[in-house]
Amino acid sequence: MEEVWEVFSKIDLRVGKILECAPLEGSDKLYRELIDLGEGTPRLIGSGLNGKIPVDEMLSGLVVVFANLKPRKLASIESFGMVMCAGSEDKSVIELIRPPEGSKVGDRLQLVGNPCGGVALKQEKEELLNPKKKYAERFSEKLFTNDKAEASYNGVTIVTSEGGVVRAKSLANCHIS
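The protein carries the name tRNA-binding domain-containing protein in an unreviewed UniProt entry, which gives Halteria grandinella as its organism.

Set out below in structure tokens:
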């Protein structure tokens, strides 16, 4: 398998539902979120979206979560993932990356055409990424919205296992992180 597709195969992007979202005490920029990823127990995730995306927008619809990042301390909490967003170049506009309505919470995202070995990625959880292998960084540098605001990796559209396109609301040709 080509390295670019091997990198994507190690990344665990999941459909999530934010159950709780509130500003993190002691921080002007962070939200504290509890997110259902279909694992039985919601995950605690911190994100720097306070002041960029209102709480009611965070709580509506579904989101995409980078689920196998090594846990990381953010201010006073340990964060167990990252909510994926598209951002304008100067980061003045940020939009959540969202799967289509009706997507299944916990579903692992795929690439159109299954370029990662010719088969769909397994739905089982991937191991936490080893930071020394730099998978997250190599993944991130190829993650953008296309000209239709669809999420893509290395130019290939990201979809749910049912084929639903994952997208930003309007930000086209922007980096996703």
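> Teacher, can you tell me more about the nonpolar core here?
It is characteristic of soluble globular proteins that their nonpolar side chains tend to be buried jointly. Counting residues in hydrophobic clusters, the biggest one holds 31 residues, and the most contacted among them are Phe8, Leu13, Met84, Ile97, Phe139, Tyr153 and Ile158. When contributions to this core are tallied by element, the ones reaching two or more residues are α1 (3-10), β1 (13-23), β4 (63-66), α3 (135-140), β12 (151-153) and β13 (156-159). Setting aside chain neighbours within four positions, we find Phe139 in contact with Val7, Phe8, Ile11, Leu13, Phe66, Met84 and Tyr153. If you look at the next biggest cluster of nonpolar residues, it comprises 16 residues, including Ile18, Cys21, Val63 and Leu96.

> Any chance you could explain the environment of Ser103 here in plain terms?
Along the polypeptide, Ser103 turns up in the loop between β9 (94-96) and β10 (110-111). A sequence separation of 40 residues divides Ser103 from Val63, and the C-alpha atoms of the two residues are 10.0 Å apart. Beyond its immediate chain neighbours, meaning those up to four positions away, Ser103 contacts Val15, Leu62 and Thr160. A polar contact is formed between the side chain of Ser103 and the backbone oxygen of Pro100, at a distance of 2.7 Å.

> What is the right way to read the side chain of Ser88 from this model?
Take Ser88: it is sitting in the loop between β8 (85-87) and β9. The exposure class of Ser88 is buried, given its relative accessible area of 12%. A polar contact of 3.0 Å, which involves the side chain of Ser88, links it to the side chain of Asp90. The contact partners of Ser88, leaving out residues within four places of it in the chain, are Val93, Leu171 and Cys174.

> Mind showing me how you'd approach the packing of aromatic side chains here?
Aromatic ring pairs are described here by two measures, namely the spacing of the ring centres and the angle between the planes. Enumeration according to the criterion identifies 5 aromatic pairs in this entry. Arranged with centres 6.0 Å apart and planes meeting at 70 degrees, the rings of Trp5 and Tyr153 form a pair that is edge-to-face. Highlighted residues: Trp5 in helix α1 and Tyr153 in strand β12, separated in sequence by 148 residues. When sorted by exposure, Trp5 lands in the same class as Tyr153, which is buried. When the ring of Phe8 is compared with that of Tyr153, the centres are 5.2 Å apart and the planes differ by 40 degrees; the resulting orientation is tilted.

> So what exactly am I meant to see when it comes to α1 here?
Along α1, the residues that are buried comprise Val4, Trp5, Val7, Phe8 and Ser9. Buried residues in α1 make contact with β1, β10, α3, β12 and β13.

> Could you clarify how one ought to interpret the pairing of strand β2 (residues 31-36) in this entry?
Where a strand is regular, its side chains alternate between the two sheet faces. Bridge analysis of β1 against β2 gives 6 bridges, and the strand direction is antiparallel. Residue pairing in the sheet places Ile18 in a bridge with Ile35 of β2. Bridge analysis of β2 against strand β3 (residues 43-47) gives 5 bridges, and the strand direction is antiparallel. Bridged to Glu33 within β3 is Ile45.

Scoring rules and cut-offs
- Residues numbered from 1 in each chain as written.
- Predicted model: local features only at pLDDT ≥ 70, side-chain atom pairs only at ≥ 80, totals over all residues.
- Heavy atoms only, no water.
- Core = buried A, V, L, I, M, F, W, Y, C linked by side-chain atoms within 4.5 Å.
- Buried < 20%, exposed > 50% of the residue type's maximum accessible area, 1.4 Å probe, protein only.
- Helix = DSSP H or I, 4+ residues; strand = E, 2+ residues; numbered from the N terminus.
- Contact = heavy atoms within 4.5 Å.
- Polar contact = N/O pair within 3.5 Å; in protein donor to acceptor, adjacent residues only side chain to side chain.
- Phe/Tyr/Trp six-rings, centres within 6.5 Å; stacked < 30°, edge-to-face > 60°.
- Pairing = 2+ DSSP bridges.

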